[in-house]
Structures are given as C-alpha cells and as structure tokens.
Amino acid sequence: MTAVLSGLAARISAAAPELRGRLTPEVELAPFTWFRVGGPAEVLFNPADEADLSYLLKNLPSEIPVTTIGLGSNLSVRDGGVEGVVIRLGGKVFGEIAVEQGFRLRAGAAAPDMRVAKVAAEAGIDGLAFLRGIPGAIGGALRMNAGAHGGETKDVLVSARGVNGRGEIVEYTVEELHMTYRHSEAPEDVIFTSALFQGRPGEPEKILAEMERITEAREQSQPIREKTGGSTFKNPPGQKAWQLIDRAGCRGLVLGDAQVSQMHCNFLINRGAATAADIENLGEEVRARVLAATGVELQWEIKRIGVKGARPQHSGIFA
C-alpha cells in the first residue's frame, strides 16, 4: 500500500503492516447496495485473498468493529455510515467457481448466486438452478440460507469455509450450520470465503430451460429493474408476507421517495432520492400496520447496518 493514510486506516495499517489488499478511508457505500442509499464506511478493506483476510483479523485491535458486506442485494446502509472497518470480498480469488468430480461445485463467497447456477447447469449439474432466482452472492446465501423457487442453500450445501474473528481458518459441514428458514447458526464473527455444493446428474438444456423459467417468473412478479433490496420481510410460518402487507393496505405506501412496490408489496423501492431512513421508517410503518391488522409481527429479511441519522430525513408523512 503506497497511499498516505490517516485516522483509523493508518492505525489498521500500523497494526497489520504486511496487508496486501486495499485499505481505503471514507468510502461511500451507497454504490455497493442495490437500494443506492447510505453513508460511508469509516474504512473499507478489500482483501487480496483468504490469507490476507486472516492476517488482518489476527492483527486488528479487538475494539475496532468489523462489518462484512457482499453484493448489497439485500442490504440497507444507514445514512450515518458504518463505523470501524467494512470488509468486502471481491476479485477473481473470491469469485472463482470450479466444477469438481461427483457433480460437485466449489464457489467463492463473492461469486454471484446466478452465475453459480449457470456454471452448474452448463456442467450438467442439476439441483442448483434455484440459485438463479437469488440476486446475492454465495457468502450471503450461506449466512441466511438463501432460497427461492422451492430450493434452499442447505439442500445442496456440503460444507462452508471461512475466517473467524481471531483470523483462524474454519470449516463447517452443512449439519454443523443448523440451517433453517433464512437462518444459519454460523458464529457471527465468521466471514465465509467459499463453499462446496453437491448436485446431481442432469441435462444442461433442461436445467438452462428451468433457469429461464425462473428468470421469466421473477421479471413478471418482482420489481427487479427498480432500486430495491429484494424481499423485505421473512414469510411467517404458513403465511406469505406480501399477502399480510396487502391485507393491511400497504401496497403502494410512500414515505419520502421510498415506496412499497405496487408490483410485489414485499419489496420496498427507492424511487430515486430516498434516504436509508426513508426506507427503514417505511418498513417499520408496514410492520406496525400489519401487526395492527393481522396480529402478525413481520421480521426483517433485509439486513440494515450502520449508524442512523446524519443525513437529511423526510418529514415522516405517509401517502
């Protein structure tokens, strides 16, 4: 690293002088999220590889907060930004996908789910086509047992590898992760770096056709061309979040420049100038109205990180 650093970045650089990745202070995070909202990272670190990530975590002072982000498809960064160091995996190393014997596939944590699905299909590996309907990356899929169109990550996962907060390389079998609906019991300090998946024999043409069907279904039912974060709330047991939201009269509800999608009301969208506060406050209003109308308390599926405030907020008037 040749840049002159100051503040927290300089402190991290002094504690871990042999870092090979990119350490950058005050990086705006909004461009890294699909909502396109939020404040800056105090420091952003892009590790060169798994060993570089391990080296940072071994040497990072324990009082410095660590936050990990991926493709930002189900993420809202609050307007005040994120304190401490934000780690974002990327590049060829963390995005690599390799086909292995026995209809297995190994993917880096930064590999987009839909690209993993395509590589599997072209290799004649069936069972992973559902990943085409998930807009995130493998790291997020491991953390939340992402699923779509009848499939979940746990259905095809063999094992996951990562680095814990002490810089140790760790590996978990799918059984050890105790995955349930949109949840895994991986320790919070673990940053996943790769995963091994097990598929089954299939015909590439048929698998690709199934992926095309999934793509068409998404385009017809979800506002995927909007600035959105995907499904906002988890489906309560035996129920659909969107139906509860619709029943509570929230379809199309607006706060500032944030809106409940008219197309699919379990999606919030940034119409162009929304703040993170607009989006979060709108979501909380939806939760309150659904609770009042149905007695069901919706749980957020979108991950919200960072410090509230520090940016102009709208008046809180709903329309």
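## Examining the overall build of the protein
- Along the protein, the regular secondary structure elements total 10 helices and 19 strands.
- For a compact globule of 319 residues, the expected C-alpha radius of gyration is about 20 Å, and the protein comes in at 20 Å, within 12% of that figure.
- Projected onto its principal axes, the C-alpha coordinates of the protein cover approximately 55 × 55 × 30 Å.
- Across the 319 residues in the protein, those meeting the buried criterion constitute 52%.
- Considering only residue pairs separated by 6 or more positions, the protein has 65% of its internal contacts joining residues 24 or more positions apart.

## As for the packing of helix 4 (residues 113-122) against helix 8 (residues 204-221)
- Remark: helix 4 packs on helix 8, axes separated minimally by 8 Å, with the N-to-C direction vectors making an angle of 155°. By the angle between their axes, helix 4 is roughly antiparallel relative to helix 8. Two secondary-structure elements touch here, helix 4 through Met114, Ala117, Lys118, Ala121 and Glu122 and helix 8 through Pro204, Ile207, Leu208, Met211 and Arg218.
- In the contact of helix 4 with helix 8, the residues fall into 7 nonpolar, no polar and 3 charged.

## Regarding the environment of Gly252
- Residue position: Gly252 is located in the loop between helix 9 (241-247) and strand 16 (254-255).
- With 237 residues separating them along the chain, Gly252 and Ala15 place their C-alpha atoms 50 Å apart.

## Observations concerning the pairing of strand 12 (residues 169-173)
- Of the two faces of strand 12, the one lined by Val170 and Tyr172 is fully buried and the one lined by Ile169, Glu171 and Thr173 carries no buried residue.
- Counting the residues that bridge the hairpin from strand 11 (residues 157-163) to strand 12 gives 5 residues, and of these Gly167 lies at a positive phi of roughly 85°.

## So, the nonpolar core
- Ranked by internal contacts, the top residues of the largest apolar core, which has 35 residues, are Val116 and Phe197.
- Elements that contribute at least two residues to this core include exactly strand 7 (104-108), helix 4, helix 5 (138-144), strand 11, strand 12, helix 7 (174-177), strand 13 (191-198) and helix 8.
- Dropping the residues within four chain positions of it, Val116 is found in contact with Ile97, Leu105, Ala107, Ala111, Leu128, Leu131 and Ile138.
- Membership of the second largest hydrophobic core comes to 24 residues, among which are Ile245, Leu255, Ala274 and Ala276.

## Quick word on the pairing of strand 18 (residues 267-270)
- Residues Phe267 and Ile269 point to one face of strand 18 and Leu268 and Asn270 to the other, with burial holding for every one of them.
- Here 3 bridges tie strand 15 (residues 227-231) to strand 18, and the two strands are oriented antiparallel to one another. What sits directly across from Lys227, in strand 18, is Asn270.
- The pairing of strand 17 (residues 258-260) with strand 18 spans 3 bridges and is antiparallel. Considered in strand 18, the bridge of Gln259 is made with Ile269.
- Joining the antiparallel neighbours strand 17 and strand 18 is a turn of 6 residues.

## Some thoughts on the pattern of salt bridges
- Within this structure, the stated rule accounts for 20 salt bridges.
- Notably, a salt bridge pairs Glu168 with Arg166, separated by 3.0 Å at the nearest N-O pair.
- Here Glu280 makes a salt bridge to Arg304, at a shortest N to O gap of 3.2 Å. Of this pair, Glu280 sits in helix 10 (residues 276-294) while Arg304 sits in strand 19 (residues 303-305), and the two are 24 residues apart along the sequence.
- Glu280 sits in the buried class, given a relative accessible area of 7%.

## Let's talk about helix 8
- Over its 18 residues, helix 8 extends 26 Å from the first C-alpha to the last, a length consistent with the 26 Å expected when each residue adds 1.5 Å.
- All of the buried residues in helix 8 are Ile207, Met211, Ile214, Thr215 and Arg218. The buried residues of helix 8 occupy an angular sector of 100° when the element is viewed end-on, so they sit on one face. Those residues of helix 8 that are exposed and angled more than 90 degrees off the buried face are Glu205, Lys206 and Gln220.
- Along its buried surface, helix 8 packs onto helix 4 and strand 8 (125-126).

## Some words on helix 4
- Those residues of helix 4 that fall on the buried side of the exposure criterion are Asp113, Val116, Ala117, Ala120 and Ala121. One side of helix 4 holds all its buried residues, which, seen down the axis, span an arc of 135°.
- Tucked inside the fold, the buried residues of helix 4 contact strand 6 (97-100), strand 7, strand 8, helix 5 and helix 8.
- Directly after helix 4, the chain includes Gly124, whose backbone phi takes a positive value near 75°.

## A look at the sheet that holds strand 13
- What the 5 strands build is an open sheet, ordered 6-7-13-11-12; its pairing is antiparallel. The open sheet is flanked by strand 6 and strand 12, the only strands paired with a single partner. When the angles between neighbouring strand axes are averaged without regard to direction, this sheet yields 15°.
- Two elements, strand 11 and strand 13, share 6 bridges in a ladder whose sense is antiparallel. Pairing of Arg161 across the sheet is with Ser194, part of strand 13.
- Of the strands in this sheet, strand 11, strand 12 and strand 13 are in contact with helix 2 (residues 50-59), which crosses strand 11 at around 50°.

Conventions used here
- Residues numbered from 1 in each chain as written.
- Predicted model: local features only at pLDDT ≥ 70, side-chain atom pairs only at ≥ 80, totals over all residues.
- Heavy atoms only, no water.
- Helix = DSSP H or I, 4+ residues; strand = E, 2+ residues; numbered from the N terminus.
- Rg over C-alpha atoms; globule rule 2.2 N^0.38 Å.
- Buried < 20%, exposed > 50% of the residue type's maximum accessible area, 1.4 Å probe, protein only.
- Contact = heavy atoms within 4.5 Å.
- Axes fitted to C-alpha atoms, helices over the stretch in contact; angles between N-to-C directions.
- Parallel < 35°, antiparallel > 145°, perpendicular 65-115°, else oblique.
- Nonpolar A, V, L, I, M, F, W, Y, C, P; charged D, E, K, R; others polar.
- Pairing = 2+ DSSP bridges.
- Core = buried A, V, L, I, M, F, W, Y, C linked by side-chain atoms within 4.5 Å.
- Salt bridge = Lys/Arg side-chain N within 4 Å of Asp/Glu carboxyl O.
- Expected span 1.5 Å × (residues − 1).
- Arc of directions from axis to C-beta.

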